[in-house]
Amino acid sequence: MNEVSDLTAHTGYWLRMVSNAVSQEFARKVAAEGVTVAEWTFLRALYDAEAMTPSALADRMGMSRGAISKLADRLVDKTLISRDGHANDRRMQTLSLTAAGRDKVPALAALADRNDAEYFGVLGDEERAALGRLLRTLADRRGLKTVPVD
């Protein structure tokens, strides 16, 4: 008979347990602010830019243009971003935050900061720094570039 490893013997099991807890709690917090986690990451990606084309945003976030378009549609409907056409080329668009969107980003960032503090504040400073370094190393060595949105 083959030996079957226990679920808890896998690092991925523990990583997923913590990730699910952190992500689900954050999703509840941003939902109370009227956005999804994917919409939050979209807004945050636009926050540092005056305006951005959908393709540039897709590249920045590691997402498809179709996914960006769907998120943009939802955020336009919520009046958090605007979609502006180019005067000489109707196919060319830029996306930018509206005043409401620009005001919302710092509040959502504060929620993200508090959520992080709630979950990782139980670690000492050195432990937290070590965990961050290890996770960034894994992401880098595995070539992970896509912004996590779910």
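Our structure is the block above this text.
Everything quoted here is computed from the prediction, not taken from an experiment. (Residues numbered from 1 in each chain as written. Predicted model: local features only at pLDDT ≥ 70, side-chain atom pairs only at ≥ 80, totals over all residues. Heavy atoms only, no water.)

**Student:** What should I look at first to understand the packing of aromatic side chains in this one?
**Tutor:** Aromatic ring pairs are defined here through the distance separating the ring centres and the angle between the ring planes. Evaluation of the coordinates by the stated rule reveals two aromatic pairs. Where tyrosine 13 meets tryptophan 14, the ring centres are 5.0 Å apart and the plane angle is 90 degrees; that geometry is what we call edge-to-face. Of the residues examined, tyrosine 13 reaches a relative accessible area of 29% and is grouped as partly exposed. Tryptophan 14 sits in the partly exposed class, given a relative accessible area of 43%. Consider the rings of phenylalanine 26 and tryptophan 40, whose centres lie 6.5 Å apart with planes at 70 degrees: the pair is edge-to-face. Of this pair, phenylalanine 26 sits in helix 1 (residues 11-31) while tryptophan 40 is found in helix 2 (residues 37-47), placing the two residues 14 residues apart along the sequence. You can call tryptophan 40 buried: its relative accessible area is 10%. Sitting over the ring of tyrosine 47, arginine 102 keeps its end group 4.9 Å from the ring centre. (Phe/Tyr/Trp six-rings, centres within 6.5 Å; stacked < 30°, edge-to-face > 60°. Buried < 20%, exposed > 50% of the residue type's maximum accessible area, 1.4 Å probe, protein only. Helix = DSSP H or I, 4+ residues; strand = E, 2+ residues; numbered from the N terminus. Lys NZ or Arg CZ within 6 Å of the ring centre and 35° of its normal.)

**Student:** I'm lost on the packing of helix 2 against helix 5 (residues 99-120) in this one. Help?
**Tutor:** When two helices pack together, their arrangement is captured by the angle between the axes and the distance separating the axes. The geometry of helix 2 relative to helix 5 is characterised by a closest axis approach of 10 Å and an angle of 120 degrees between their N-to-C directions. Here the hand of the crossing between helix 2 and helix 5 comes out left-handed. Contacts between helix 2 and helix 5 involve Trp40, Leu43, Arg44, Leu46 and Tyr47 from the first element and Arg102, Val105, Pro106, Leu108, Ala109 and Ala112 from the second. Here the residues of the contact of helix 2 with helix 5 sort into nine nonpolar, no polar and two charged. (Axes fitted to C-alpha atoms, helices over the stretch in contact; angles between N-to-C directions. Left-handed = near helix turned anticlockwise from the far one by under 90°. Contact = heavy atoms within 4.5 Å. Nonpolar A, V, L, I, M, F, W, Y, C, P; charged D, E, K, R; others polar.)

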